[in-house]
Every structure is written in structure tokens, then in C-alpha cells.
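# Reading the structure
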Amino acid sequence: MATSGGLVGCAPGSSQAGGGGAGSGALALAWWGNPTRNKNTQDEIDAYMKANAGVKITGQPGDFASYWDKLATQTAGGTAPDIIQMDMAYIAEYGGRDALLDLSGVDTSKFVEGTVDSGKINGKLVGINAGINSLVIMTNPEIFDKAGVKVPDDMTWTWDSAMEVAAEVAKKGSATFGLAGIVGSGAGLGTWLRQQGKELFVDTSLGFDASDVQAYLESMVKYQKLGAVGSVQDISAEGLGSSAKPLAQSAFVVGKAAMTVSNSNQLEAINAASGTEMELLRLPSLAGKATERKAWYKASMLWSASAKTKDPDAVVKWINWWSNTQDAQGIDKAERGIPCNTDMQAFVKPQLSKAQQQVAKYIEDIKPELGTTPIAPPPGGGKLDDVLFRYATDVLFGKSNPADAAKGFVDEMKSDLQT
């Protein structure tokens, strides 16, 4: 995972070597992903090089867990890729230290309102939103059918009723997890906090206190004892954040979880990896009213660029091509989320696969349920998933109690945000 220490010395004007590109016409492009995204991205690279003679783009695919350590090392050493697939969890960390290129030259005039701001750090556009996304509870209907349990109504379920269903389907079926990916999840905690009028982050500080985390951890203990979220050993083995199993090995993909917390754009890749047509459900609300759950449109990921690239014009040209042309969007369609460019949305809509059509419908359906968009985590905030998962599993293993773990988590995160 990217750390503040890994970014020391990467500001423009330092004496370190230039970026990953070998000069004009040669670019390195890094991304994390799955087999579907890997193929799409390589096809996009090939299409771009075919249409732009003399341009050489070298792909650097990776998996999410190892991607950030590698990027931090490259950035600190002055060899960061020219084009970087960026995550909201880390954009402030890199952008706030002048490690990212100003991308104001990319045309965002046709982007959906609000989707450009996700890439702005300290007033500077350092990330171009690659797609509209939202948190979901991804559901395996086959596991529900075999267990004789009805898939619940996601417009009316509460956190408790969702966990009761998760426990029931796990007990009556063969799934190890009723709901995977929720224990120690920053996304889960963030959603739960928003429904109580709070946020993960406010400016450069935490938007919650230890009492909030204690209540969250106590609920995780309750749900684990209920049998909804898997055994302690299974939760630990599944991991989260940088310790998470690769997509193809995850409990949900291999049929050991009836539901999992995920992002909407992952549907196609998960269907392909699992051989099963999954369904998308909303996250629960406190009172069982979907319109009160304070959902938001999340940047699935962003395109950023190294501030030390030797060819900034070529980088801007590629990102502009990817974001705003039919040639690029005809390949990616909605794998990285629904296109931000409204013209591209209209263009790809008839071409979407069955899974992507489901995603597009979900994104449209939840418009009445949207709240404000959370800010990007401040520098150090990208560690939240790993830190929260560690404290949550310590509680479940009996190594700590919720009160002590909550205090330890808050203290550690405050320290991380000051680095």
C-alpha cells in the first residue's frame, strides 16, 4: 500500500531521474485489475498505437494488493509510470505531494456534473474520473435458491434484517459466508456513519470518534455470533484491503459466499470469473428506507499521470482519447464503471453486455437515494481499510474488546493522517 514515507523526494524539480517514459512517444501505463480489465486495457493500448504511429505504450498490469507498494517504490525512485490508474483512497496522498501531473488539458466538458471534482486535490485536477460506480451488495441467487431462502427486498432491509438473512442463507445452505467483505470494511463503516450524519473524513481529519467505532465493532461481533459473516478464521483468511485474496480466489467467486460487499463495476468480471450471473442489491439502511441510505456516485478509479513524465502532452492526449472517444469506450464500455462523458454513455448503452446493462440500470435507479459525495481520503487515509480490518479481527479473535480496539484504531488513524 502507498505510504507517505514512500513518496518522499518525488516532487518536481528534484535531482532524481525522470518518469517511466523513455522520452517522446514512449509511455508506461500501469493499472490493477482482473482478466477482463487486463484484456480491455491491452486492446485499448493496441488500438491507440495503431492509430498513432510512432507511439509506444508499455502496459504494467498488476493486482490491487501489490500495486500500491510497487507504485510507492517507483514514485520515490523517480520511475513512476507515465499513466497511472489511481484510486480515490490514494489520490490525495500522491496529489498532495506534487507527484501527479496537472491534467486540466483533458476535455471534461461533457462529463456528468460532479464527476470531475473527484480528481481535484488542492484545486488542481490530478485525476480524471474513469467511470461512475457505487457500492453494492453483490448476491449469488443460486446459493439463495439452493438454500430455499428468498433474496430480500433491498429497498426495505435494515442492517439487522440483512444480517438475519445472511445468517439464514449460510445456515440453510453450503456457503461459508452469508455476507463477505463487511467486517473491517472502510466502505461499510463509511456507509454506516453517513446514515448517522457523519463521514469518514472531514477536511484532513477523521469525521468520527472512538464511540462510533466501538458501536460499529460491537455490531460486527453481534453479526459474527449470529452466523452472518463467517467464522473468525474464514474472515481472517479472506482478508481485506492489501491482504485481500485475488478476485478469482475470493469466497464470493468460488461459491463460498452468498453475498459480498463490492463495487457495481465489478459485476462483469465477477460473473466471468464465477460462471454465475450475480445480482446487485443496495446496501442496507438504518430504518429500512432506501431513500435514506445516503448512497453516492463513486469514481470507480481515475487516470492520473506522473508529474515527472518526459512527455506530458502525450499523456494528456492518451487520457483524453480514453475518456472521450468511441474507439476507446467501445472497448471498455462499462468495465471501469459507467462512462462519465454523457455522449459516451449514449454510445455504449446499446453495446453493453447483460451484466453491464444491469450495472447501468442500478446506477440510474439509485439517483433518488444519493447523498453528498464524500471527499477523497486525506494523505494517510488510504490505510483505513487495513488498519480497521486488523482491529476488527483482533476483537473477533478475543485479543481486544470493542472499546479498546476503537480507541486504538482512532489513535492510529490520527497518527497516520499527520504523517
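None of the values given here were measured: they were computed from a predicted structure.

Attention shifts here to the sheet that holds strand S9 (residues 177-180). An order of S9-S12-S8-S13 is seen for the four strands of this open sheet, with the pairing classed as mixed. Either end of the sheet is taken by a strand with one partner, and the two such strands are S9 and strand S13 (279-281). Here the strands of the sheet are splayed against their neighbours by 25° on average, with no regard to which way each runs. Each of S9 and strand S12 (257-263) touches helix H5 (residues 159-172); the most contacted strand, S9, lies at about 135° to it.

With that settled, the discussion passes to the nonpolar core. If you look at the biggest cluster of nonpolar residues, it comprises 127 residues, and the most contacted ones within it are Met 86, Ile 182, Trp 303, Trp 318, Ile 319 and Phe 409. Per-element accounting of this core gives the leading share, eight residues, to helix H14 (residues 384-396). Setting aside anything within four residues of it in sequence, one finds Phe 409 in contact with Leu 189, Phe 208, Val 213, Leu 384, Val 387, Leu 388 and Tyr 391.

Looking now at the sheet that holds strand S15 (residues 302-305). Spatially, the five strands line up as an open sheet ordered S2-S1-S3-S15-S6, and their pairing is mixed. Across the chains shown, the open sheet's two edge strands, defined by having one partner strand only, are strand S2 (56-62) and strand S6 (128-129). Strand direction decides the pairing type here: strand S3 (residues 83-86) and S15, joined by four bridges, are antiparallel. Counterpart to Ile 84 in the pairing with S15 is Ser 304. Running over the sheet, helix H1 (residues 35-51) touches strand S1 (26-32), S2 and S3 and is turned about 165° from S1. Running over the sheet, helix H10 (residues 312-324) touches S1, S2, S3, S6 and S15 and is turned about 170° from S15.

One pass over the structure, following the stated rule, counts 20 salt bridges. Salt-bridge contacts for Glu 277 lead to Lys 354; the nearest nitrogen and oxygen are separated by 3.1 Å. On the criterion of sequence distance, the pair formed by Glu 277 in the loop between helix H9 (267-274) and S13 and Lys 354 in helix H13 (residues 354-365) is long-range, its members being 77 residues apart. Each member of the pair, Glu 277 as well as Lys 354, is classed as exposed. Asp 332 is paired through a salt bridge with Arg 336; the nearest N and O atoms lie 2.9 Å apart. By the burial criterion, Asp 332 is buried, and Arg 336 matches it. Overlapping salt bridges, with partners in common, bring together Asp 154, Arg 282, Arg 293 and Glu 369 in one network.

Let's shift gears to the packing of aromatic side chains. Inspection of every chain in the model, using the stated rule, returns 13 aromatic pairs. Measuring from ring centre to ring centre gives 5.2 Å for Trp 32 and Tyr 67, while their planes differ by 70°; the resulting arrangement is edge-to-face. Here Tyr 67 lies in helix H2 (residues 64-76) and Trp 32 lies in strand S1, a separation of 35 residues in the sequence. Given a relative accessible area of 8%, Trp 32 falls into the buried group. Overall, Tyr 67 belongs to the buried group, its relative accessible area being 6%. Relative to Trp 68, the ring of Trp 32 has its centre 5.4 Å away and its plane inclined at 50°; by these criteria the two rings are tilted. Taken together, the residues span a long stretch of sequence, with Trp 32 in strand S1 and Trp 68 in helix H2 at a distance of 36 residues. By relative accessible area, Trp 68 is classed as buried at 1%. Taken together, the ring pairs in this structure connect Trp 32, Phe 64, Tyr 67, Trp 68 and Tyr 90 into an aromatic cluster.

Cut-offs applied
Residues numbered from 1 in each chain as written. Predicted model: local features only at pLDDT ≥ 70, side-chain atom pairs only at ≥ 80, totals over all residues. Heavy atoms only, no water. Pairing = 2+ DSSP bridges. Helix = DSSP H or I, 4+ residues; strand = E, 2+ residues; numbered from the N terminus. Axes fitted to C-alpha atoms, helices over the stretch in contact; angles between N-to-C directions. Contact = heavy atoms within 4.5 Å. Core = buried A, V, L, I, M, F, W, Y, C linked by side-chain atoms within 4.5 Å. Buried < 20%, exposed > 50% of the residue type's maximum accessible area, 1.4 Å probe, protein only. Salt bridge = Lys/Arg side-chain N within 4 Å of Asp/Glu carboxyl O. Phe/Tyr/Trp six-rings, centres within 6.5 Å; stacked < 30°, edge-to-face > 60°.

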